[in-house]
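Observations on the model geometry
Each chain, written out:
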Amino acid sequence: MPLELPKLDYPYDALEPYIDARTMEIHHGKHHAGYVAKTNAALEGYPDLQEKPLETLLADLNQVPEAIRTAVCNNGGGVANHSLFWKIMAPDAGGAPQGALADAIQAAFGGFDSFRESFSSAAGGVFGSGWAWLVKDSSGGLQILTTPNQDTPLSQGLTPILNLDVWEHA
Ligand code: MN
């Protein structure tokens, strides 16, 4: 069945002053919606692929026919990346994590403050537009990495935990 643009759990202006309503509207109502439409267009005529979860296609792009592989990578990636991004933010939320994630961050980065510093610095190093990520690798360890454009760590066999949309500023 065709992908749909997920509704946000909060209004466009809920994240101000960190992200203004206009930016939210552009990234959700225009960019994300556009990626949904273009992914659906690419998958038209491939009912077997439409039945698979998008994450499954992105995790193994070789199973996607070459004719639509780039379109699925770029637009499907845009869908998956933004869907996670809207979920990991909320008004009046945030702060240091607790429990298993806090332990894993401690083990990988030496603490939350140093994680935050490394994550910000990675995000600041993205040239043009892309994403900064906290991911879990196959051994359960955490890594910070960045991807260009709408590439997703799912395609590298990694599990996204947290991401940050990095776009070019005027
Ligand atoms: Mn975006």
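Before reading on, note that the structure itself is shown above.
One structure accompanies this document, and this report is about it. (Residues numbered from 1 in each chain as written. Predicted model: local features only at pLDDT ≥ 70, side-chain atom pairs only at ≥ 80, totals over all residues. Heavy atoms only, no water.)

Next up on the list: the overall build of the protein. Helix and strand counts for the protein come out as six helices and three strands. Along the protein, helices and strands appear, N-terminal first, in the series α-α-α-α-α-α-β-β-β. Computed over its C-alpha atoms, the radius of gyration of the protein comes to 17 Å, within 12% of the 15 Å expected for a compact globule of 170 residues. Along the longest, intermediate and shortest principal axes, the C-alpha atoms of the protein span 50 × 40 × 30 Å. Relative to its 170 residues, the protein shows a buried fraction of 36%. (Helix = DSSP H or I, 4+ residues; strand = E, 2+ residues; numbered from the N terminus. Rg over C-alpha atoms; globule rule 2.2 N^0.38 Å. Buried < 20%, exposed > 50% of the residue type's maximum accessible area, 1.4 Å probe, protein only.)

A few words now on the sheet that holds strand S3 (residues 159-166). Strand order in the open sheet formed by three strands is S2-S1-S3, with antiparallel pairing between adjacent strands. Looking at strand neighbours, the two that pair on one side only are strand S2 (142-148) and S3, the edges of this open sheet. Strand-to-strand, the axes of this sheet are offset by a mean angle of 20 degrees, without reference to chain direction. Bridge count for strand S1 (residues 130-136) against S2 is seven bridges, and the pairing is antiparallel. Residue Trp-133 lies in a different strand from S2, and its bridge partner there is Leu-145. Of the strands in this sheet, S1 and S3 touch helix H4 (residues 66-87), which is tilted by about 90 degrees from S3. The strands that helix H6 (residues 112-124) touches are S1, S2 and S3; relative to S3, the one it contacts most, it runs at about 55 degrees. (Pairing = 2+ DSSP bridges. Axes fitted to C-alpha atoms, helices over the stretch in contact; angles between N-to-C directions. Contact = heavy atoms within 4.5 Å.)

All of the protein donors around the manganese ion are His-27 (ND1), His-82 (NE2) and Asp-165 (OD); their distances to the metal are 2.0 to 2.2 Å. On the primary sequence, the residues serving as donors to the manganese ion are separated as H-x54-H-x82-D. Placement of the pair is His-27 in helix H1 (residues 21-43) and Asp-165 in strand S3, with a sequence separation of 138 residues. With relative accessibility at 8%, the residue Asp-165 sits in the buried group. (Donors = N, O, S within 2.8 Å, 3.2 Å for Na, K, Ca; no water.)

Along the chain, the position of Asn-75 falls in helix H4. Of the residues examined, Asn-75 reaches a relative accessible area of 11% and is grouped as buried. Excluding residues that lie within four positions of it along the chain, Asn-75 makes contacts with Tyr-35, Lys-38 and Thr-39.

So, on to the pairing of S1. Most of S1 is tucked away, with six of its seven residues classed as buried. Across seven bridges, S1 lies against S3 in antiparallel orientation. In the strand pairing of S3, Lys-136 is matched with Thr-159.

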